[in-house]
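Listed below, chain by chain, are the residues.
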Amino acid sequence: MSTHSSTAAIYPGAGDRIEVATIEVGAPHRGEVLVQIKASGVCGSDRHVLEGEWGVPSPTVMGHEGAGVVVELGEGVTGLDVGDHVSLVWNQACLTCVACQSGKPWACTDLRSNDCVMPDGTTRLSLEGADAYPYLAVGSMSEFAVVPASAAIRMPRELPFEVSALIGCSVHTGLGAVSNNARVIAGESAVVIGCGGVGLSIIMGLQLAGAHPIIAVDRNAEKLEIALAAGATHALLADDETAVRIQELTEGGADVAFEAIGNPHTIPQLPGHVRPGGRAVLVGMPPENAMIPFDVLDLCYRGITVIASNYGGGVPARDFPRYAALYLAGRLPLDTLISKRITLGEVNDAFNAMRSGAEARSVVVFDESDV
Ligand code: APR
Ligand code: ZN
């Protein structure tokens, strides 16, 4: 049981930049594990924090899409061993409340991870002697992290760490929105607004489900190229004609449409892209307290189902290994999501690239030889 010094990406609590500093990571408590992080994706949900759109306790150790190797077990941990490769869960459900027992960990009523603390309300991290907080109770932009054992899902050793990391957030969110929330079936027509890591994962899920056509929309042409490689059948550069083009391509609206940006302007347009009886699936998360108007009379007349999706409505312990198996079998082209492997020192550049919409996912890797 020892404390580890760990180089980490810190959000100080103001401004939109991350600072790289050395934190102390305490030993895992009962039921927790210490993980040496090998890869951490740069996700839109980290960006929300830097833009001041979501409040978090600070200083914050950023990163919530991580994978690594278990290096120490807290007391009482069963089912994991030192040396196991794991992908980390940021929705750290209690697994005992009624929602969890009903198979809905995303609806856990005892969740603490959104507050960036461990299940007991404390933190294992410190910076210059004061408490520091792991973003979404993961804090994977750090050489070491402590998480509840139930939030470390064992993955096959042959799975690359950067793919394992993405399974922990964007892939679980996107594929789950298609299968668990929208329950897309073969032949349904689909639209995806926003083709970042989450939108591209939705497109891959739609392809697996047999949706057709799969129409990708983004304001960035580079993203549309990646969307086509990920399985989209049509790509539309977002402009004033987008809604009309979708109507034409789907002959009156898609069966299902997904918003994967979290933009208060594109979210209310979503029901307009689906046909009567269709589903509008809200995946992208807007800034805190954003009140977004919908034309409710239109929703009622046309019988539109609006579905709000949280973490893909899935079950990490069940779904992460399934996605790994599909990738390893060559049926889920998750490498398409990764545009760049970077060091922690390059994280600010990666967020700038994300703001411009230029690239797919950047993934921080901790072994310099992997960059
Ligand atoms: N119209 C069309 N496309 C847009 C627009 C717009 N107005 N604004 C942004 N985009 C595109 C960007 O070009 C980018 O490709 O949306 C995509 C957003 O992707 P990322 O920034 O990489 O975000 P991602 O990690 O995919 O997360 C998206 O899902 O889970 C949530 O919190 C997450 O709200 C975030 C959202
Ligand atoms: Zn994420």
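A quick note: this is a predicted structure, and the numbers were derived from the prediction, not measured.

## A word on the domain arrangement of the protein chain
Here's step 1: You can read the domains of the protein chain as domain 1 (4-154 + 333-370) and domain 2 (173-311).
Here's step 2: Measuring from the centre of the C-alpha atoms in domain 1 to the corresponding centre in domain 2 gives 28 Å.
Here's step 3: Taken together, the contact between domain 1 and domain 2 spans 20 residues of the former and 17 residues of the latter.
Here's step 4: Linking domain 1 with domain 2 are 0 salt bridges.
Here's step 5: The interface formed by domain 1 and domain 2 holds 7 residue pairs in polar contact (both at pLDDT 80 or more) in total.

## Some thoughts on the packing of helix α4 (residues 197-209) against helix α5 (residues 221-230)
Here's step 1: With their axes 9 Å apart at the nearest point, α4 and α5 run at an angle of 25 degrees to one another. In this view, α4 runs roughly parallel relative to α5, as classed from their interaxial angle. Classified by chirality, the crossing of α5 by α4 is right-handed. Across from Leu 200, Ile 203, Met 204 and Gln 207 in α4, the residues of α5 making contact are Lys 223, Ile 226, Ala 227 and Ala 230.
Here's step 2: Grouping the constituent residues of the contact of α4 with α5 by class yields 6 nonpolar, 1 polar and 1 charged.

## Considering the site of ligand 1
Here's step 1: Close contacts around ligand 1 come from 23 residues, with Gly 44, Ser 45, His 48, Asp 218 and Arg 361 the closest.
Here's step 2: Within the side chain of Ser 45, a nitrogen or oxygen atom sits 2.7 Å from an oxygen atom of ligand 1.
Here's step 3: Note that a nitrogen atom of ligand 1 is positioned 3.3 Å from one of the backbone N or O atoms of Arg 219.
Here's step 4: Expressed as a share of its isolated accessible area of 730 Å², the protein-covered part of ligand 1 is 91%.
Here's step 5: Looking at the shell around ligand 1, the elements with two or more residues in it are α1 (44-50) and α4.
Here's step 6: Ranked by the residues each element gives to the shell around ligand 1, the list is headed by α1, at 3 residues.
Here's step 7: A breakdown of the residues in the shell around ligand 1 according to their chemical character gives 9 nonpolar, 10 polar and 4 charged.
Here's step 8: Each of domain 1 (4-154 + 333-370) and domain 2 (173-311) contributes no fewer than three residues to the shell around ligand 1.

Conventions we followed
Residues numbered from 1 in each chain as written. Chains lettered and ligands numbered in written order. Predicted model: local features only at pLDDT ≥ 70, side-chain atom pairs only at ≥ 80, totals over all residues. Heavy atoms only, no water. Domains from an automatic or database assignment. Contact = heavy atoms within 4.5 Å. Salt bridge = Lys/Arg side-chain N within 4 Å of Asp/Glu carboxyl O. Polar contact = N/O pair within 3.5 Å; in protein donor to acceptor, adjacent residues only side chain to side chain. Axes fitted to C-alpha atoms, helices over the stretch in contact; angles between N-to-C directions. Helix = DSSP H or I, 4+ residues; strand = E, 2+ residues; numbered from the N terminus. Parallel < 35°, antiparallel > 145°, perpendicular 65-115°, else oblique. Left-handed = near helix turned anticlockwise from the far one by under 90°. Nonpolar A, V, L, I, M, F, W, Y, C, P; charged D, E, K, R; others polar. Near = heavy atom within 4 Å. Areas by Shrake-Rupley, 256 points an atom, 1.4 Å probe, with all protein chains shown as cover.

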